[in-house]
Amino acid sequence: MAALLWFAGAVLLAGAEALTGDFFLLMLAGGALGTAGFALADFPIWIDAIFFALLSLTLILGLRPALLRRFSRPPELMTNTPALEGKTATVLQEISGGLGRIKLSGEVWTARAMNKSDTYIEGETVRVYEIDGATAVVYKEL
């Protein structure tokens, strides 16, 4: 009878894991499933509980970190204009007051200075602060 209760607990914990995706409840489900098999030997319930605790702890400390590494989400890949922010560029046409041109990631972009009073001459290296429409807003690092 105890083995059926441990098995039912394992099924419930595995079902609850489907809602969280954290692998914690799945490790407890594995402990309960192992204890269901162990309970067939008809030991007292407190021995079953100790076996469950030890097996679950072993799974949580041993298997769970490997599962989290294997199934964790990869870092978000920046694309489009957010990927250009923070990159360095070379000034192709002087940027002073109005617009100029820069070479950014192999492409020629229209650029303007972040501070309107700044002037950047041809050949200088600037950093992209943001992309405003089709214009790169740039500044010179100190």
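Up top is the structure these notes are about.
Residues numbered from 1 in each chain as written. Predicted model: local features only at pLDDT ≥ 70, side-chain atom pairs only at ≥ 80, totals over all residues. Heavy atoms only, no water.

### Some details on the overall build of the protein chain
- Secondary structure summary: the protein chain contains 5 helices and 7 strands in total.
- Taken from N to C terminus, the helices and strands of the protein chain fall in the order α-α-α-α-α-β-β-β-β-β-β-β.
- For a compact globule of 142 residues, the expected C-alpha radius of gyration is about 14 Å, and the protein chain comes in at 30 Å, more than 25% above that figure.
- Referenced to the eigenvectors of the C-alpha coordinate spread, the extents of the protein chain come out at roughly 85 × 25 × 25 Å.
- Split into buried and exposed, the 142 residues of the protein chain put 27% on the buried side.
- Intrachain contacts of the protein chain at a sequence separation of at least 6 include 49% that bridge at least 24 residues.
- When the accessible surface of the protein chain is summed, it comes to about 9300 Å², and 63% of that surface belongs to carbon and sulfur atoms.
- Measuring between centres, the 11 positive side-chain charges of the protein chain sit 5 Å from its 14 negative side-chain charges. (Helix = DSSP H or I, 4+ residues; strand = E, 2+ residues; numbered from the N terminus. Rg over C-alpha atoms; globule rule 2.2 N^0.38 Å. Buried < 20%, exposed > 50% of the residue type's maximum accessible area, 1.4 Å probe, protein only. Contact = heavy atoms within 4.5 Å. Areas by Shrake-Rupley, 256 points an atom, 1.4 Å probe, with all protein chains shown as cover. Lys, Arg positive; Asp, Glu negative; His and termini not counted. Charge placed at Lys NZ, Arg CZ, Asp CG, Glu CD.)

### As for the sheet that holds strand β4 (residues 107-113)
- Taken in spatial order, the 5 strands line up as β1-β3-β4-β7-β6 and close into a barrel, and their pairing is mixed. For this sheet, the mean inter-axis angle between neighbouring strands, taken without regard to orientation, is 55°.
- Relative to β4, strand β3 (residues 99-104) is paired through 6 bridges, and the arrangement is antiparallel. Paired with G100 across the bridge in β4 is A111. (Pairing = 2+ DSSP bridges. Axes fitted to C-alpha atoms, helices over the stretch in contact; angles between N-to-C directions.)

### Details of the packing of aromatic side chains
- Counted by the stated rule, this structure contains 5 aromatic pairs.
- Ring pairing ties together the aromatic residues F38, F43 and F51, which thus form one cluster.
- Just above the ring of F71 sits the side chain of R70; from NZ or CZ to the centre is 5.3 Å. (Phe/Tyr/Trp six-rings, centres within 6.5 Å; stacked < 30°, edge-to-face > 60°. Lys NZ or Arg CZ within 6 Å of the ring centre and 35° of its normal.)

### Let's talk about helix α2 (residues 24-39)
- In this model, α2 (16 residues) spans 22 Å end to end at C-alpha, consistent with the 22 Å of a helix rising 1.5 Å per residue.
- Along α2, the residues that are buried comprise M27, L28, A29, G31, A32, T35, A36 and A39.
- Each element contacted by the buried residues of α2 is listed here: α1 (2-20), α3 (45-62) and α4 (64-71). (Expected span 1.5 Å × (residues − 1).)

### What to know about the pattern of salt bridges
- Per the stated rule, a full pass over the model turns up 3 salt bridges.
- A salt bridge links E124 to K140; the nearest nitrogen and oxygen atoms lie 3.4 Å apart. Of this pair, E124 sits in the loop between β5 (119-120) and β6 (125-132) while K140 sits in the segment after β7 (135-139), and the two are 16 residues apart along the sequence. (Salt bridge = Lys/Arg side-chain N within 4 Å of Asp/Glu carboxyl O.)

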